[in-house]
Amino acid sequence: MPRWLRIVNWFAAILALALIAGSVAAMWTVRRSMPQTEGTITLQGLTAPVTVIRDAAGIPQVYADTSADLFFAQGYVQAQDRFFEMDFRRHLTAGRLTELFGRDALKADMFVRTLGWRRVAEAELPLLSTDTRRYLESFAAGVNAYLSGRSSDELSLEYAVLDLNGLTYTPEPWTSADSLAWLKAMAWNLGSNIDDEIDRSIESIRLTRQQITELYPDYPYDEHQPVVTQGALVDGVYEQDAKRNDTRLPSRPPYLVKGATTALRDAATTSAALDHLIGFGDGLGSNAWAVSGEHTASGAPILANDPHLEATMPSVWYQMGLHCNQVNAECPFDVSGFTFAGLPGVVVGHNQSIAWGFTNLHADVQDLYLEAVDDSNRYLYNGRSRTLTTRQESFAIAGEAEPVTITVRESRHGPLISDVSHDMSRVGANAPVGKRAPDPGNGYAVALRWTALEPGRTADALFGINLASNWDQFRDAARLFDAPAQNLVYADTAGHIGYQALGRIPIRRAGDGRWPVPGWDPAYEWNDNYIPFDALPNVLDPKDGYVVTANQPVTGEKYPYFLGSAFDYGYRAQRIRYLLEGTNKLTVDDMAAIQLDTFSSLAKELTPLLQEVPLKTTYYQAGQRAMARWDFQHSADSGGAAYFNVVWSNLLALTFHDDLPEEVWPKGGSRWWAVMQALMDDPTNDFWDNTDTPGVVETRDDIVHQAMLVARDELTQHLSRDPRDWEWGRLHTLHLRNESLGSEGSPAAFLFNRGGYELGGGPAVVNASSWDAREGYQATAVPSMRMVIPLDNLDASRWINLTGASGHAFDDNYTDQTELWVEGQTLPWVFSREAVEAAGEHELTLIPPGWSLPPTEGS
C-alpha cells in the first residue's frame, strides 16, 4: 500500500473513532437524564410503598396509602419527566429568567417583577387550608427527593446545553410557592383583556369612535346562543328557573382616552412576549360541552373538552392519575386527568363520581388607570396628592458580575407598568383627556388593576374539585376559585350535567373596562366587593339537555352585571350545538369527531360572493374552480381551503392595513369574521377605500377582486401553479418550539424543536388551529389536548396530549402523541385499577428506607 494511502486510512480511522466517541458521548449526555420507570427506588420521606404504573405512552398512574405519599410521589414523577419545564416556569413566574438566559430575558423579568406574581403566591400560602398546604409541601418534598444527589445535566438535556454556554447552575429546592406562582401565569393569559384596551387606544389615533365601534361589533344574540339560556337574578342569587331579573345596577358611560400610545404600545409588546414564554399566546379559547343521557346512546352523560393554547414543546399539559389504594377520609383521592407540571392535583379531568372541563370566560378582570405622577413619586387622587408605594427589585444576570436594580412603583390601583421600559415614561404625552384632567407633565403613568394580584384560594378550589362527588360539593369548591375567571362544565355518574361561571369579577362604578380610565377620578373605582358567587350564572340539568361553551357570552343581554366584552362571537359554539342536536344517540366517537370538525360558517357565506367575482383569465379563475366543489371544511388536504384562507388573509390586509397602525392589524380571529360579515353588506364603507391611492375611491368589489388576484399569485409562488397541488396543510403547519432554548436562531433548537406537521382547521372553527394573518399561515394556537369522558364507563374515556408525557428530548414519549393528535386520534384513558394494570408497560415502586417488599409471585 502506498505511504500516502496508509496516511489517509490512518486519518480516516482516527476521524471515525472521534465521530464514534462523540456520538457515544452525546448519547450518554442525552440518556443520563432519562428517568427510571421500572424496579424499585428507596426515598427518604415516604411512609409506605407507592406504585407508579406507566402505559405505553409513558402516562403515570400513582397509587399510595396516604395523601402525603400520593403527592410526594406526584412531585417525584413530574420531576422525572418535566423538571426543566418546572424550573423554567418558576424562574419565569419569579422574574428570574436572566439567571439562566442572560440579559435577553431582562425585559420580561422586569415586567413580571413589576406585577409581583411571586409575591402574591407567597401571600396566598397562609390563606390556604391546612390540607392544601400539606399537599403542596408533600409535592415539594417529592420534587426535592428527585433533585437530591443529581447534577443539573442529570436532570435534563437543557442544562447540559446551558453548561456549554458557561452557565454554572444548581437548581434550588422546590417550594410550595413555586407551585402557586404558576397559577398567576395561568391567570395572566386567561384573564387578560388589557390588549383590547391598548388596541382601542392605538386605533383612536387614526379612527373615529364610530369606526372603532365597527371593529368591535356586538355579539349576534339573534344568531348565536350564549352559554346559559335560562334563569335570572333574584334577590342577588342566580336562579335557573326564574324568568326576569329583579336587580338593576347603575351604569356610566365609558371613558375615552385617545392617547397614552407610547406606553400602551410598549406594554402590548412586553405582554405579548410574556404570553409566548408562558405558552398561552394568541388565539386562546376552548371548547367544552356536556350532554345529558337523553341525547346519548348509553343513556348517561358524556363530557368533552379541548382547550386552545399556544403550541409549545413540551405541551403545557401533563397527564396522570392519582389514586389512594383505599379511598377514605385519610386518603380521599381517586382522580385522573390533565395538570400542569409543577402543580399537585389534577386541573381538568374526572374522579370516581364527577367529570369537569374548563373554557375561558373572557371576563374583564383588568383595568388600566392613567395616573398623574410627579417627579417626587406622588400622584393625584380625588383632588389630593398621594405617595406612591415603592420597592427595589434586583436581577442577577448570567455572565455578568453586577446585578440590575429597578424601582417598582405602585398607586392605589396597582403597579405602574409604564415603568417597565424607558419609552413608557412618555405615556400620555399627547392624550386629550378633557378640560378637567390634571397637567400630564412629561406624560401620565399607567397602572394595572387586576383581580389576580390580590391573594386568593384557587389552590383550595382545585383540590376541592378533585374531591367533589356531587353538584353541591362541586359548587362549594368552585366558590373558592378566584382567578382566572372560567366557564366550568360538569357531569356526574348520577346522570346530571351542569354549568358554573366562576372567578373574581369586578363591579365597576363607571365605564365598562374597554378603555383606560382616569386614576385621579374616584368615580372610576371598583366596588369593594366582586360579583357574588351566587349571582354568577349557573345551571344544573338545563332543560334542553346541553351545556355548550366555546368562549361565547355566558348569558343574554339582560343579565345585570357586566362580565366582559371580549367574548368569542359564537361560531364554534353554534356549530357544536348544531352537530350535537343532529342525533339523540351520541357516543364517545361522535364527540371525538365533533372536536375535529373544520366547517367554516364564514366560508359558507363568503364563497358564493367570491364565485361571482369576474376574473378575466383561466389562470386567475383557477381559485374559483378549486372552491366549486368545496364543502367548506378546512381539512389539511383541501385545495379550496387553501385558496379561501389566502384570499381571506389578503382581504384583511387590503381592507385594513392602510387604516390601522401596524400594531393592531387584523389577526383574523372570530371578531374579524364578524367585522367582515358586516362590511360585506356595506359595499361603500370607508374601510374599503384604500387611503394610499388618493383620488381613487375603492369599494368592496374592488378590494375583493384584488384579494383574489393576489391570492392566486401567492399560491403559485408558495405551492404550485397547478391548483391540483394546493393543500391547506402545506401552508398551515405546526412547529413545536421549546419555550427557552428553541427560539428562532438558537443553535440548540434542532435538539428540542419538532415540526412541519400539516394541519387542518383554522380560527373560529371547532378544530381551532389559529394562525396570525399578519405573519403567515403557521399554527399559533391549537387544541392543546382533547378529552372525552362517558360517565357510565370511565374506562371507556379517551384523551390525547399535544406532545408526549416526557419533556426529555429523544425520549420515546417526547412526541409519540403528536402524530396521533395530528391525525385526530386519541388514546384509551382507563381508570380502574384492573384496567390500568392491564394497560401498564412499566411499573416503578418507591419505598421508604428500611422497607422490604414482599416477594412477587413465582420468585
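Residues numbered from 1 in each chain as written. Predicted model: local features only at pLDDT ≥ 70, side-chain atom pairs only at ≥ 80, totals over all residues. Heavy atoms only, no water.

Caption draft 1: Representation of the pattern of salt bridges in the model. Per the counting criterion, the structure on display carries 32 salt bridges. Put simply, Lys184 and Glu124 hold a salt bridge, and the shortest N to O gap is 2.8 Å. On the criterion of sequence distance, the pair formed by Lys184 in helix α8 (residues 176–190) and Glu124 in helix α5 (residues 117–124) is long-range, its members being 60 residues apart. Taking the relative accessible area as the measure of exposure, Lys184 reaches 4% and is therefore buried. Its relative accessible area of 5% is what places Glu124 among the buried residues. A single salt-bridge network, built from bridges that share partners, covers Asp87, Arg90, Arg118, Glu122 and Asp178. (Salt bridge = Lys/Arg side-chain N within 4 Å of Asp/Glu carboxyl O. Helix = DSSP H or I, 4+ residues; strand = E, 2+ residues; numbered from the N terminus. Buried < 20%, exposed > 50% of the residue type's maximum accessible area, 1.4 Å probe, protein only.)

Caption draft 2: The sheet that holds strand β16 (residues 404–411), seen in detail. Read across the sheet, 3 strands follow the order β15-β16-β17 without closing on themselves; strand pairing throughout is antiparallel. Of all the strands in the sheet, the pair left with one neighbour each is β15 (389–395) and β17 (414–415). Examined bridge by bridge, β15 and β16 share 7 bridges and lie antiparallel to one another. Of the residues in β16, the one forming a bridge with Glu393 is Ile406. Of the strands in this sheet, β15, β16 and β17 are in contact with helix α4 (residues 106–115), which crosses β15 at around 145°. (Pairing = 2+ DSSP bridges. Contact = heavy atoms within 4.5 Å. Axes fitted to C-alpha atoms, helices over the stretch in contact; angles between N-to-C directions.)

Caption draft 3: The arrangement of helix α7 (residues 157–164) in detail. Extensive coverage of α7 is indicated by the burial of 6 of its 8 residues. Directly after α7, the chain includes Gly166, whose backbone phi takes a positive value near 95°.

Caption draft 4: Structural detail: the state of the cysteines. Scanning the model with the defined rule gives 1 disulfide in all. Disulfide pairing places Cys324 opposite Cys331 at an S-S distance of 2.0 Å. In this structure the cystine formed by Cys324 and Cys331 twists about its S-S bond by roughly -85°; its chirality is therefore left-handed. Overall, the relative accessible area of 5% leaves Cys324 in the buried class. (Disulfide = S-S within 2.5 Å.)

Caption draft 5: How the structure looks around the sheet that holds strand β1 (residues 39–42). Spatially, the 11 strands line up as an open sheet ordered β1-β33-β2-β3-β8-β9-β10-β11-β19-β20-β24, and their pairing is mixed. Two strands lie at the open edges of the sheet, namely β1 and β24 (538–540), each paired on one side alone. Neighbouring strand axes in the sheet, compared pairwise and without regard to direction, differ in orientation by 15° on average. Pairing analysis gives 6 bridges linking strand β8 (residues 318–324) to strand β9 (residues 334–339), with the strands arranged antiparallel. Considered in β9, the bridge of Tyr318 is made with Thr339. Against the sheet, helix α2 (residues 67–93) engages β1, β2 (50–54), β3 (60–64), β8, β9 and β33 (842–847), with an angle of about 160° to β8.

Caption draft 6: Highlighting α4. Of all 10 residues that make up α4, 9 are buried, and the element is covered over most of its length. Within the span of α4, buried status applies to Leu106, Ala108, Asp109, Met110, Phe111, Val112, Arg113, Thr114 and Leu115. Remark: Gly116 follows α4 within two positions and exhibits a positive phi of approximately 80°.

Caption draft 7: Geometry of the packing of helix α18 (residues 639–656) against helix α20 (residues 700–718). Look at α18 against α20: their axes get within 8 Å of each other, and the N-to-C directions meet at 130°. It follows that α18 is oblique to α20 by the angle criterion. Considering only the axes of α18 and α20, their crossing is right-handed. Side by side, α18 and α20 meet where Ala642, Tyr643, Val646, Val647, Asn650, Leu651, Leu654 and Thr655 of the first sit next to Ile703, Val704, Gln706, Ala707, Met708, Val710, Ala711, Arg712, Glu714 and Leu715 of the second. Across the contact of α18 with α20, the residue classes break down as 13 nonpolar, 3 polar and 2 charged. (Parallel < 35°, antiparallel > 145°, perpendicular 65-115°, else oblique. Left-handed = near helix turned anticlockwise from the far one by under 90°. Nonpolar A, V, L, I, M, F, W, Y, C, P; charged D, E, K, R; others polar.)

Caption draft 8: Up close: the nonpolar core. Within the largest apolar cluster, 230 residues are counted, with the highest numbers of intra-cluster contacts made by Trp648, Leu651, Phe656, Leu734 and Leu846. When near neighbours in sequence (up to four residues on either side) are disregarded, Trp648 contacts Leu602, Leu606, Gly668, Trp672, Trp673, Met676 and Trp771. Tyr546, Leu580, Leu586 and Val788 belong to the second-largest nonpolar core, a separate cluster that totals 16 residues. (Core = buried A, V, L, I, M, F, W, Y, C linked by side-chain atoms within 4.5 Å.)

Caption draft 9: Molecular detail of unusual backbone geometry. The amide bond that connects Met313 to the next residue, Pro314, takes the cis arrangement and shows omega of 0°. On the secondary structure map, Pro314 appears in the loop between β7 (302–310) and β8. Cis geometry is adopted by the peptide bond preceding Pro484, which originates at Ala483 and carries an omega value of 0°. If you trace the backbone, Pro484 turns up in the loop between α13 (471–478) and β19 (486–492). Not every positive phi belongs to a glycine, and His362 is a case in point at roughly 60°. Mapped onto the elements, His362 comes out in the loop between β11 (354–360) and β12 (366–371). Even without a glycine there, the phi angle at Ala764 is positive, about 65°. For Ala764, the position within the fold is in the loop between β27 (754–758) and β28 (770–771).

Caption draft 10: Seen up close, the packing of aromatic side chains. Summed over the entire model, instances satisfying the criterion amount to 41 aromatic pairs. A ring pair is formed by Tyr444 and Trp520, whose centres lie 5.0 Å apart and whose planes are at 35°; its orientation type is tilted. Here Tyr444 is found in the loop between β17 and β18 (445–450), whereas its partner Trp520 is found in the loop between β22 (517–518) and β23 (526–530), with 76 residues between them in sequence. Each member of the pair, Tyr444 as well as Trp520, carries the same accessibility label: buried. Measuring from centroid to centroid gives 6.1 Å for Trp728 and Tyr777, while their planes differ by 80°, and the two rings are edge-to-face. With Trp728 in helix α21 (residues 728–731) and Tyr777 in the loop between β28 and β29 (779–783), this residue pair connects regions lying 49 residues apart in the sequence. Tyr777 matches Trp728 in its accessibility class, with the two residues each being buried. (Phe/Tyr/Trp six-rings, centres within 6.5 Å; stacked < 30°, edge-to-face > 60°.)

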